[in-house]
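For reference, the chains in residue letters:
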Protein chains: 4
Amino acid sequence: MRPLIRRLGPALAGLVLIMLPAMGTSPWAQSPPGVAAAIDDLVAANRILYRQGVVDGFGHISIRHPDRKDRFLMSASLAPGRVSKADIMEFDLDAQPIDQRGRSIYSERFIHSEIYKARPDVNAVLHSHSPTVIPFSVSQVPMRPILNSAGFLAPNVPVFEMRHVAGSGSLLVTDGMRGRALAETLGDRPVALMRGHGNVVVGPTVQRVVARAIYTEVNARLLIQAITLGGPLVYIDAEEGRAGEGNRDRNEAGHGTDRIWQLWVEEAMGTSETKR
Amino acid sequence: MRPLIRRLGPALAGLVLIMLPAMGTSPWAQSPPGVAAAIDDLVAANRILYRQGVVDGFGHISIRHPDRKDRFLMSASLAPGRVSKADIMEFDLDAQPIDQRGRSIYSERFIHSEIYKARPDVNAVLHSHSPTVIPFSVSQVPMRPILNSAGFLAPNVPVFEMRHVAGSGSLLVTDGMRGRALAETLGDRPVALMRGHGNVVVGPTVQRVVARAIYTEVNARLLIQAITLGGPLVYIDAEEGRAGEGNRDRNEAGHGTDRIWQLWVEEAMGTSETKR
Amino acid sequence: MRPLIRRLGPALAGLVLIMLPAMGTSPWAQSPPGVAAAIDDLVAANRILYRQGVVDGFGHISIRHPDRKDRFLMSASLAPGRVSKADIMEFDLDAQPIDQRGRSIYSERFIHSEIYKARPDVNAVLHSHSPTVIPFSVSQVPMRPILNSAGFLAPNVPVFEMRHVAGSGSLLVTDGMRGRALAETLGDRPVALMRGHGNVVVGPTVQRVVARAIYTEVNARLLIQAITLGGPLVYIDAEEGRAGEGNRDRNEAGHGTDRIWQLWVEEAMGTSETKR
Amino acid sequence: MRPLIRRLGPALAGLVLIMLPAMGTSPWAQSPPGVAAAIDDLVAANRILYRQGVVDGFGHISIRHPDRKDRFLMSASLAPGRVSKADIMEFDLDAQPIDQRGRSIYSERFIHSEIYKARPDVNAVLHSHSPTVIPFSVSQVPMRPILNSAGFLAPNVPVFEMRHVAGSGSLLVTDGMRGRALAETLGDRPVALMRGHGNVVVGPTVQRVVARAIYTEVNARLLIQAITLGGPLVYIDAEEGRAGEGNRDRNEAGHGTDRIWQLWVEEAMGTSETKR
């Protein structure tokens, strides 16, 4: 859907008498360029994950602060599809907000802080309730990749079980102890499932995390269908997984993750001419 | 999709010559604040349940009257997606309309009246044909929660069988006797399935009822997929269910049900900027 | 989605300088009231069936001529979602167009003519490629109703096999002989499946045919899910089916098929305020 | 959704003061009529395949050059849903661009060049990650047609295994050797699956390729459902497949592929009045 002003452009061009200033001002208006770009990407990531069905009203995604490796950026406690620039806050690696100003914050922010501590290679973290990972999180059938775009799931995807950490009770990761246990289950991998709850997805950039989250969901759906067919399946093996990831590291316009990221941004931010 | 007036705002601001008064006047225009808020919530709930696929053209949701515990509010007989403020009517606990004025009324309104009688803790009741609960209502496989957000389904979900109440014939709950039998099957639980027909969902607030209805449908879809994978499954147990419900009782902006309710309202009422 | 003129109403009310006449004129402009209403319903039915996913670019629906029982009304050969009033043509019971004027006609129009000949009780006929009936048409598992809204499928749904009529070759019903064989398989029922092809759905009114087609598709999806769960299922029995149909015969605003037909028309014709 | 200018037509007709020229100019502005038509079809095909869910941000479709059988037309490296006329480039049968001007090109363009070399009857080639073909590509259950519209899949669909060609590693067809191996697996058929990756679909016209790709995906979904039901299935046999294809070769308005192509184009290019 094209933005209306653009659609009306020629027809109404002679009629625009008053342009009102945009309402509200972002605390980030004066950010250094690297931070401003990270905030733009983070808002887009929130909207994309909602539009693609990875999150509903719950879930949260963060970016490590580009200038301070001991901080990260994440929205105040909102549904991801409603996040705007002004909602992005800064947190330290104890998951404490730097400048809360009365805003609600996610109670599971310790997922992010503990993974950033444990994984210097990681610059973006997502926690989601991605629907089709749930069946794999509660069954003994492992999630494995059958789709080239999900080759990063090779060779295996661990499942985090809260009962082993804190007994039966809340499944939420609401403190550092629970966050550390989850980071330990994740190890050096890009994805871990959380039993009866969802998953965490990490990566070197927010674009890669978004793509990994979307293709984890797609792979889950297709793997259930393949298992329905019955008989042995051919999985993407570790070498194929590595080769695919190498390709997605290509940093050129039109290649790797770039090609689809542009599409996702245009659609989620309402700047696309694409009809779907 | 944003409402057009808002989208056109800046461009057409100088052109608005005449603002027509809204057409039609609601009988509720002079309601006390508590009733007015309940009616707003009830209209939103109808639209949300339609938009989220819990109801199609059938199904109905009610709120106990905020000032008179022996009455409830519910729409005249319309598809839920078409309900507006002016359609909301008042009923007594014999399911009789207080002020019918020739309007059609739902023939299954006894579901609501009998549950309000039996359950003083309940302030909102939904009857729906939520699609994916049907397979569980006609099979011997019990619906159980595998998803944290559906933990309220623990430890079990009863199935109402009309044949045991009135023999083979209409499945509709069209009188007090049938309504009482359904309320008895429901007991003190939040959800009961109705064989070959749908479900009833109840709760302390209409927001909780809407959320429970949506996650009952989501859980049903995911549980079918988990069963397709084969082998034993790990269900949300009673303690996990209680912990989750406690969290959803938190009454703060951005927490519990509030976070997702705001999103649902904006989308269903057309006031969202979110692109999906 | 609300029609734009209505959405713009207040804002642009002072600006409408010229109202252009609608382009094109329908040959039906001078029709008697009964025929005009039938044409309106038929256009709506085409659009609804497309919007609800019963037809894609193929399939066709007809109405028996309200004044001449030996004729029927049906679109020229177009995708149902593109049908407008001016496309509706009149056919005799040999499936010959009364006034072709060079327009393309459906090659399977004999489905309609032969069913109208064999079934005086039938006033509307649909042929569709309704997706989820295909699996039942090619397997030995019978389609049976598990959903109250699909109770008209009780006690059974026959499957038409073209190989028994004309050997292996085209599956299309392109002449009177094939149409008669299909009508014979249908018998006095509302629905027959066509192996590897789709179905026919008939009824006393076009509203009932549209509702039956939609709930046949819904029932097919839910029955596959129920079968996936495993174990014995409880089907809607013949008495329950009859009771449900009796209810759908109620001819009052807000009851039977009326409640959902209004919703479907508003959405398919773009006159709805409902957001979905 | 109708284009806004058209929707606003009558209301704003008196207000259009300035018509801005369209931005950007296509290198194809001066193309001979045959090439111009091919480019229009190719842009429409890209948009349709995205809208219908056959491609996401990946996949590519080409048309053999209408005047030079040793060249083909294909987009620069973009998500198919974002392709416009100005993005269409010309390639020779070694997959080299004739006039690159710094644009990114698809690394798997060898799929197209090698199939055009091997198949003089083919005038359009698609490579897609059509989701539901993946389960069949990784299992031992063959994809076979159960739907008349997918009869071109009879009698069988081969699966290309990159490990047999180049060992375990990248699954991408990035050179002539890999392209030739894929063309060999395809043989004289319209469709081949690529294990863990997607498919190739070819045909005499781009319209036929688009229709084949869409019905291959639809057939895959329905076949999984039919297999879920259990028991023996009746497949579309080779004679039925041939009869169906003969029908789709009819070159008349409203028949064969034409009826649905018009619908798809209108929707994907935003010129449709159809509400869906």
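Note that this is a predicted model, so its numbers are computed, not measured.

Quick look at the environment of D:Met143 now. Residues and elements named next belong to chain D. Tracing the sequence through the fold places methionine 143 in the loop between helix H4 (133–138) and strand S5 (159–160). When its relative accessible area of 2% is taken as the criterion, methionine 143 is described as buried. Taking the C-alpha atoms as reference, methionine 143 lies 9.8 Å from proline 155; in sequence the two are twelve residues apart.

Below, the discussion takes up the nonpolar core. Counting 111 residues, the largest nonpolar core has B:Ile61, B:Val210, B:Trp264, C:Ile61, C:Phe136, C:Val210 and C:Trp264 as its most contacted members. With 13 residues, helix H7 (residues 206–229) of chain C is the largest single contributor of residues to this core. Non-local contacts of C:Ile61, meaning those with residues more than four positions away in its chain, are made with C:Leu42, C:Ala45, C:Asn46, C:Leu49, C:Leu73, C:Met74, C:His112, C:Val125, C:Leu126, C:Val206, C:Val209 and C:Val210.

This part is about the pattern of salt bridges. By the definition in use, this model includes 80 salt bridges over all chains. Across the pair C:Arg163 and D:Glu240 runs a salt bridge whose closest N-O atoms are separated by 2.9 Å. One end of the pair, C:Arg163, is in helix H5 (residues 162–166); the other, D:Glu240, is in helix H8 (residues 238–248), on a second chain. Measuring nitrogen to oxygen at the nearest pair gives 2.6 Å for the salt bridge that ties D:Glu245 to D:Arg212. With D:Glu245 in helix H8 and D:Arg212 in helix H7 (residues 206–229), this residue pair connects regions lying 33 residues apart in the sequence.

A separate point is the sheet that holds strand S1 (residues 60–64) of chain D. Strand pairing in a sheet takes place through backbone hydrogen bonds and is either antiparallel or parallel in direction. Residue and element names in this part refer to chain D. One open sheet holds the seven strands; their spatial order is S3-S2-S1-S4-S7-S6-S5, and the pairing between them is mixed. One side of each edge strand has no neighbouring strand; the edge strands of this open sheet are strand S3 (88–92) and S5. Bridging between S1 and strand S4 (residues 124–128) involves four bridges; their strand directions are antiparallel. The residue of S4 that forms the bridge with histidine 60 is histidine 127. Its contacts with the sheet place helix H3 (residues 110–118) against S1, strand S2 (71–75), S3, S4, strand S6 (191–194) and strand S7 (198–203), and it is angled at close to 145° to S4.

It is worth spelling out the sheet that holds strand S1 (residues 60–64) of chain B at this point. All names here are of chain B. Sheet architecture is open: seven strands sit in the order S3-S2-S1-S4-S7-S6-S5, paired in mixed fashion. On the outer flanks of this sheet lie strand S3 (88–92) and strand S5 (159–160), each paired with one strand and no other. Together, S1, strand S2 (71–75), S3, strand S4 (124–128), strand S6 (191–194) and strand S7 (198–203) form the strand contacts of helix H3 (residues 110–118), whose direction differs from that of S4 by roughly 145°. Across the sheet, helix H7 (residues 206–229) touches S1, S4, S6 and S7, and the angle it forms with S7 is around 145°.

Relative orientation of the contacting elements helix H7 (residues 206–229) of chain A and H7(D) amounts to 45°, with a least axis distance of 9 Å. Considering the angle they form, H7(A) stands oblique to H7(D). H7(A) and H7(D) meet at a crossing whose hand is left-handed. Residues A:Gln225, A:Thr228 and A:Leu229 of H7(A) form the contact with H7(D), whose participating residues are D:Ile224, D:Ile227 and D:Thr228.

All right, on to helix H2 (residues 33–51) of chain B then. For H2(B), spanning 19 residues, the distance from its first C-alpha to its last is 27 Å, which sits close to the expected 27 Å at 1.5 Å a residue. Turning to H2(B), its buried residues number three or more, namely B:Val35, B:Ala38, B:Ile39, B:Leu42, B:Val43, B:Ala44, B:Ala45, B:Asn46, B:Arg47, B:Ile48, B:Leu49 and B:Tyr50.

Residues and elements named next belong to chain B. Burial analysis of S4 places five of its five residues in the buried class, the great majority of the element. Burial of S4 is two-sided: the residues Ala124, Leu126 and Ser128 facing one way and the residues Val125 and His127 facing the other way are all buried. The pairing of S4 with S7 spans five bridges and is antiparallel. The residue bridging valine 125 from the neighbouring strand is valine 202, located in S7.

The step from A:Ala154 to A:Pro155 runs through a cis peptide bond, and the omega angle for that step is 0°. Counting through the fold element by element, A:Pro155 comes out in the loop between helix H4 (133–138) and strand S5 (159–160). The backbone of A:Arg101 sits at a positive phi, close to 45°, despite the residue not being glycine. Structurally, the position occupied by A:Arg101 is in the loop between strand S3 (88–92) and helix H3 (110–118). We classify A:Arg101 as exposed; its relative accessible area is 54%. Residues other than glycine seldom take positive phi values, yet D:Ala95 does so here, at roughly 70°. By relative accessible area, which is 0% here, D:Ala95 ends up buried.

Scoring rules and cut-offs
- Residues numbered from 1 in each chain as written.
- Chains lettered and ligands numbered in written order.
- Predicted model: local features only at pLDDT ≥ 70, side-chain atom pairs only at ≥ 80, totals over all residues.
- Heavy atoms only, no water.
- Helix = DSSP H or I, 4+ residues; strand = E, 2+ residues; numbered from the N terminus.
- Buried < 20%, exposed > 50% of the residue type's maximum accessible area, 1.4 Å probe, protein only.
- Core = buried A, V, L, I, M, F, W, Y, C linked by side-chain atoms within 4.5 Å.
- Contact = heavy atoms within 4.5 Å.
- Salt bridge = Lys/Arg side-chain N within 4 Å of Asp/Glu carboxyl O.
- Pairing = 2+ DSSP bridges.
- Axes fitted to C-alpha atoms, helices over the stretch in contact; angles between N-to-C directions.
- Parallel < 35°, antiparallel > 145°, perpendicular 65-115°, else oblique.
- Left-handed = near helix turned anticlockwise from the far one by under 90°.
- Expected span 1.5 Å × (residues − 1).

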